[in-house]
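Listed below, chain by chain, are the residues.
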Amino acid sequence: MDALLNLLNSTIGTEQAIMLGLFLFFLPIFFFAYWAVKRGAQFTLRPIAGYATLKSLLGRAAELGQPVHLSLGVAGIGDEATADTAAALTVLDYMADRSAVNATPSTITVANPTALLVAQDILRRAYNRQGYPEEYNPTHARFVAPPPLLIESPNGSAGAFAYAAGVMRLLNQQKLAANVMIGRFGDEFLLLGETGAQRELMQIGGTSAPGVLPFVNATMTHPLIGEEIYAGGAYLANKPSHLSSLLAQDIMRWVLVGGVFVAIVLKTLGLV
C-alpha cells in the first residue's frame, strides 16, 4: 500500500489520483443512467425558475424586437474554468436556435478568444439548422477584452474589470429585453449585475465560484446557484446525455451518503 501511495505521489499526485478514482467510479453509473434514459426511464427534475423564465424570455424578446444579452464570463476553453464556459455555451446553443427562428439575434459578449470562436461556430450552426444560413452574422458574438487584462481580485478569483467596463457600456446604451450571465466570473459580476438592475432588466445568471454567489443572489432576478449552471442542457433541451449526467450524480450522491452512513455505524460498533 505504501509503495502504491509513493508511486501516485511521484507521478500524478494524491489529489489527482483521488479525482481519477472518483471519475472511474462515476463512469459506470453514468453509462447505466444513459442506458436507462435511452430506454425511456422517466424522472422528475426539480423546478429551477431561471431556466423556466429563459424559455419564455426569447419569445418576449421577439415581441419587443429587442435582443437578449448573454455573457459567457471571463474564462475560455482549455483553462481551469472550462466547465463554466461549457455550461454557458450550452445555454447559448439553446438561445441561438430560438433567436434564428424569431429573427431576433442575441448579443453575446466574451472575454476570451477561444470562447469567441466557439460561440461564433454555435451561432453559425444554429442558423444553418433553422434554414437561414444567410442571416448568420459573426459580429453578434463580441470580443470585449483579452485575457491579459484579467486582474487578480482580493478573494482570489480573477476579475476582468476591462471586460466589465465594456459590457456595462453595452448594457447602458443598447435596448435589451434581458441580461443573461452564465460562466466564470469574479468580483466584476457585481458591477454587471448592478448595471442591469439599474436598467430594470430581467436578469438570469450564475457561476460556480463560491465567492461570487452573494453577488449573484443580490443582483439577479433569477439566480442560478453553483452547480445549477451545469444543468442547462437537461432543463432547456432535454438532451439524453445531460439528463443521464444529472441522474448519475444523484445516484452517486446516494451511494456516497450510504457509504458514509455504513462507515459511521461500523465505527460506532468498533468494527473498524
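These notes cover the structure that comes with them. (Residues numbered from 1 in each chain as written. Predicted model: local features only at pLDDT ≥ 70, side-chain atom pairs only at ≥ 80, totals over all residues. Heavy atoms only, no water.)

A closer look at the nonpolar core
Nonpolar side chains tend to gather and get buried jointly when the protein is soluble and globular. Here is the rule: We define a nonpolar core as any set of buried Ala, Val, Leu, Ile, Met, Phe, Trp, Tyr and Cys residues linked to one another through side-chain atoms lying within 4.5 Å. Each residue's exposure class comes from its accessible area (1.4 Å probe, protein chains only) as a fraction of the maximum for that residue type: buried when under 20%, exposed when over 50%, partly exposed otherwise. Secondary structure follows DSSP: runs of H or I at least 4 residues long count as helices, runs of E at least 2 residues long count as strands, and numbering of each begins at the N terminus. We call two residues contacting when some pair of their heavy atoms lies within 4.5 Å.
Counting 47 residues, the largest nonpolar core has Leu54, Val68, Leu72, Leu92, Met95, Ile108 and Val180 as its most contacted members. Per-element accounting of this core gives the leading share, eight residues, to helix H4 (residues 82–102). Not counting chain neighbours up to four residues away, the residues in contact with Leu72 comprise Ala88, Leu89, Ile108, Thr109, Val110, Ala115, Ala119, Tyr163, Ile182 and Gly183. Core analysis: the second largest hydrophobic core is formed by 19 residues, Ala145, Tyr163, Leu201 and Met220 among them.

Quick look at the pattern of salt bridges
Note the threshold: A pair is scored as a salt bridge if a Lys or Arg side-chain nitrogen falls within 4 Å of a carboxyl oxygen belonging to Asp or Glu.
A complete count under the given rule lists nine salt bridges for this structure. Of the charged contacts in the structure, one is a salt bridge between Glu228 and Arg46, with a shortest N-O distance of 2.7 Å. Of this pair, Glu228 sits in the loop between strand E8 (222–225) and helix H9 (232–237) while Arg46 sits in the loop between helix H2 (14–38) and helix H3 (49–64), and the two are 182 residues apart along the sequence. Between Asp97 and Arg129 there is a salt bridge whose closest N-O contact spans 3.0 Å. Separated by 32 residues along the polypeptide, Asp97 in helix H4 and Arg129 in helix H5 (residues 113–129) bring together distant segments of the chain. Members of the salt-bridge network, linked through shared partners, are Asp93, Asp97, Arg129 and Lys239.

Concerning empty space enclosed by the protein
Heads up, the rule is: Cavity: a set of points on a 1 Å grid over the protein atoms alone where a 1.4 Å probe fits but cannot get out. Pocket: an open set with protein on both sides within 12 Å along at least five of seven lines, its lining residues, like those of a cavity, having an atom within 4 Å of a point. Grid points are joined across faces, edges and corners, and a volume is the space filled by probe spheres set on the points. Gly is placed with the polar residues, together with every amino acid not listed as nonpolar (Ala, Val, Leu, Ile, Met, Phe, Trp, Tyr, Cys and Pro) or charged (Asp, Glu, Lys and Arg).
Tallying each qualifying case throughout the model produces one cavity of 30 Å³ or more. Approximately 40 Å³ is the volume found for the largest cavity. Around the largest cavity, the lining residues are Leu58, Ala61, Ala62, Val68, Arg98, Ser99, Asn102, Thr104 and Ser106. Elements with a contribution of two residues or more to the lining of the largest cavity: H3 and H4. Residue composition of the lining of the largest cavity, grouped by class: four nonpolar, four polar and one charged.

Points about the packing of helix H6 (residues 161–173) against helix H7 (residues 188–198)
Basically, it comes down to this: Angles shown run from 0 to 180 degrees and are taken between the N-to-C directions of axes, each axis being a line fitted to C-alpha atoms and, for helices, limited to the stretch in contact. Working definition: roughly parallel below 35 degrees, roughly antiparallel above 145 degrees, roughly perpendicular at 65 to 115 degrees, and oblique for all remaining angles.
At a closest axis distance of 9 Å, the pairing of H6 and H7 adopts a crossing angle of 5°. With respect to each other, H6 and H7 are oriented roughly parallel. Contact residues: Phe161, Tyr163, Ala164, Val167, Met168, Leu171 and Asn172 in H6; Glu188, Leu191, Leu192, Thr195 and Gly196 in H7. Of the residues assigned to the contact of H6 with H7, the class counts are eight nonpolar, three polar and one charged.

Considerations on the packing of aromatic side chains
Using the following cut-off: Note on ring pairs: Phe, Tyr and Trp rings are taken, using the six-membered ring of Trp, and paired if centres are within 6.5 Å. Classes follow the plane angle, with under 30 degrees stacked, over 60 edge-to-face and the rest tilted.
Counted under the stated rule, the structure contains seven aromatic pairs. Ring pairing ties together the aromatic residues Phe26, Phe30, Phe31 and Tyr34, which thus form one cluster.

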